[in-house]
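# Fold and geometry: a report
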Amino acid sequence: MEIFKYLETYDYEQLIFCQDKTSGLKAIIAIHDTTLGPALGGTRMWNYASEEEAIEDALRLAKGMTYKNAAAGLNLGGGKTVIIGDPLKDKNEEMFRAFGRFIQGLNGRYITAEDVGTTVADMDIIHEETNYVTGISEAFGSSGNPSPVTAYGVYVGMKAAAKEAFGSDSLEGKTVAVQGVGNVAYTLCDYLHKEGAKLIVADINQISVDRAVNAFGAVQVGVDEIYAQDADIFAPCALGAIINDNTIPQLKAKVIAGSANNQLKETKHGDIIHEMGIVYAPDYVINSGGVINVADELYGYNHERAMKRVSCIYDTIEKIFAISKRDEIPTYVAADRLAEERIERIGKSRSQFLQNGKHIITNR
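Within each chain, residue numbers correspond to sequence positions counted from 1 in written order. It should be noted that, the model being predicted, local features are given only for residues of pLDDT at least 70 and side-chain atom pairs only at 80 or more, the latter also being counted only at that level, while totals for whole chains, interfaces and linings use all residues. As a rule here, side-chain values cover all heavy atoms of the structure and leave hydrogens and water aside.

## Notes on the packing of aromatic side chains
As a reminder, the rule being used: Pairs were defined over the aromatic rings of Phe, Tyr and Trp, the Trp ring being its six-membered one, requiring ring centres within 6.5 Å. Orientation was assigned from the angle between planes: stacked under 30 degrees, edge-to-face over 60, tilted for the rest. Think of it this way: any DSSP run of H or I at least four residues long counts as a helix, any run of E at least two long counts as a strand, and we number them from the N terminus. We call a charge positioned over a ring when the NZ of a Lys or the CZ of an Arg lies within 6 Å of the ring centre and within 35 degrees of the ring normal.
Per the stated rule, a full pass over the model turns up 7 aromatic pairs. Their ring planes at 40 degrees and their centres at 6.4 Å tell us that Tyr152 and Tyr155 sit as a pair that is tilted. Placement of the pair is Tyr152 and Tyr155 together in helix 5 (residues 147-166), with a separation of 3 residues, close to one helical turn. For the ring pair Tyr186 and Phe216, a centre distance of 5.0 Å and an interplane angle of 45 degrees mean the geometry is tilted. With Tyr186 in helix 6 (residues 183-195) and Phe216 in helix 7 (residues 206-216), the pair connects residues that are 30 residues apart, well separated along the chain. Aromatic ring contacts, followed pair by pair, group Tyr6, Tyr10 and Tyr12 into a single cluster. The ring of Phe166 is capped by Lys174, whose NZ or CZ atom sits 4.9 Å from the centre of that ring. In this arrangement the basic side chain of Arg211 is found over the ring face of Tyr186, its NZ or CZ atom lying 3.7 Å from the centre.

## Details of the nonpolar core
Counted only if it meets this: Only buried residues count toward a nonpolar core, which is a set of Ala, Val, Leu, Ile, Met, Phe, Trp, Tyr and Cys residues joined through side-chain atoms within 4.5 Å. Only protein chains enter the accessibility calculation, which uses a 1.4 Å probe; a residue is then buried when its area is under 20% of its type maximum, exposed when over 50%, and partly exposed in between.
Ranked by size, the top nonpolar core spans 65 residues in total, and within it Met158, Val176, Val178 and Leu192 carry the most contacts. Looking at this core, the element that brings in the most residues is helix 5, giving 10 residues.

## A short note on the pattern of salt bridges
Quick reminder of the rule: One speaks of a salt bridge when a side-chain nitrogen belonging to Lys or Arg is within 4 Å of a carboxyl oxygen belonging to Asp or Glu.
Tallying each qualifying case throughout the model produces 19 salt bridges. Between Glu195 and Lys159 there is a salt bridge, and its shortest N-O distance comes to 2.9 Å. Placement of Glu195 in helix 6 and of Lys159 in helix 5 is noted, with a sequence separation of 36 residues between them. Judged by its relative accessible area of 18%, Glu195 is buried.

## Some thoughts on the pairing of strand 8 (residues 198-202)
Heads up, the condition is: Pairing between two strands requires that DSSP report at least two bridges joining them.
By the criterion of burial, strand 8 is predominantly enclosed, with 4 of the 5 residues buried. In terms of strand pairing, strand 7 (residues 175-179) meets strand 8 through 5 bridges, oriented parallel. Bridge pairing links Thr175 to Lys198 in strand 8. As paired elements, strand 8 and strand 9 (residues 219-220) share 2 bridges and run parallel to each other.

## Examining the state of the cysteines
Rules: In what follows, a disulfide is any cysteine sulfur pair within 2.5 Å.
Overall, the coordinates contain 0 disulfides when judged by the stated rule. Left without a disulfide partner, Cys189 is nearest to the cysteine sulfur of Cys237, which lies 7.3 Å away. Given a relative accessible area of 0%, Cys189 falls into the buried group.

## Notes on the sheet that holds strand 7
Taken in spatial order, the 6 strands of this open sheet run 9-8-7-10-11-12, and their pairing is parallel. The two strands at the open ends of the sheet, each matched to only one other strand, are strand 9 and strand 12 (279-280). Where strand 7 lies against strand 10 (residues 233-236), 4 bridges are found, and the strand directions are parallel. Within the sheet, the bridge partner assigned to Ala177 lies in strand 10 and is Phe234.

## A short note on the side chain of Asp33
Worth spelling out the cut-off: As used in this structure description, the phrase polar contact means that two N or O atoms lie within 3.5 Å; if the pair is within protein, one of them must be able to donate a hydrogen and the other to accept it, and residues adjacent in sequence are counted only when both atoms belong to side chains. Contact definition: two residues touch when any of their heavy atoms are within 4.5 Å.
Following the sequence through the fold, Asp33 ends up in strand 2 (residues 25-33). Among the polar contacts listed, one links the side chain of Asp33 to the backbone nitrogen of Thr35, at a separation of 2.8 Å. For Asp33, the contacting residues outside a window of four places in its chain are Glu13, Thr66, Gly77, Gly78 and Ile343.

Right, here's the structure in full:
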């Protein structure tokens, strides 16, 4: 990989390599864009096959956070960290303390959080060395488990998508096929059940399925059968890349709205479902409740305020549908455009302010 060429092509600001010999820390911090504010993005720990693979993952994820934070209306840019190592074997206190010192050295340009392979306990250790970390223990004023808040965001986003597809945002009597019934999806099912929706569920974990069946009267189907269900809404809440050449022909749902990341295997699949008339709520927008929630910690966490901001996902999804119609583009492209337009507006405003400031100074 020609790193500087890649950074220039996709307009990244900074790539930082962090190593600590004593603890074995090997970390890569990628900062994509700080136009809207300091970069916020989690720390992922993974046993990467190569350093190049780790760099590519950090860069890809950082850019994704720029778009996610911008579309969510947050005054935050996008960044991400990857730590090279096995999260089950290679963790130690010294590693996360050393990493915290590296974050502190960035003086607020980057704020981290929990991600794949890291935990609240790891964030607490980082917090010993820096305040630029979110998702720490509630004892430190954190927001706690983000799953219920993420689920609420998916729920209100699904209602917005239902309004677009069916003319009403009521989910009463609608059949929702939920793929994966983990923590986020279980809470989502609770919201749907209380509104009177009918639930069809599938998961590789039978215990999770049984819990949903017993609590909500959900109907269980096989993991490979969930796509072809006669449902109004398909809610992917497990793996990514599940909207693909094999699954699209099976879909009967008029709406796709769920918490899973990277639902489209390729961009062409977003084009296909758009041409089919399926209403797709872009994943990184509808599942942004978690990041909205932890971002509230930066102001001194207030649950009521955070939930009010998460409820605005409904409005954001509506804006995306409006852009999709305005520009005659699929909704996944419209979501990117929404984020890009906001960044551009703020960037121009900030640039104009600096120019005016220089002008004033010059004339004094």
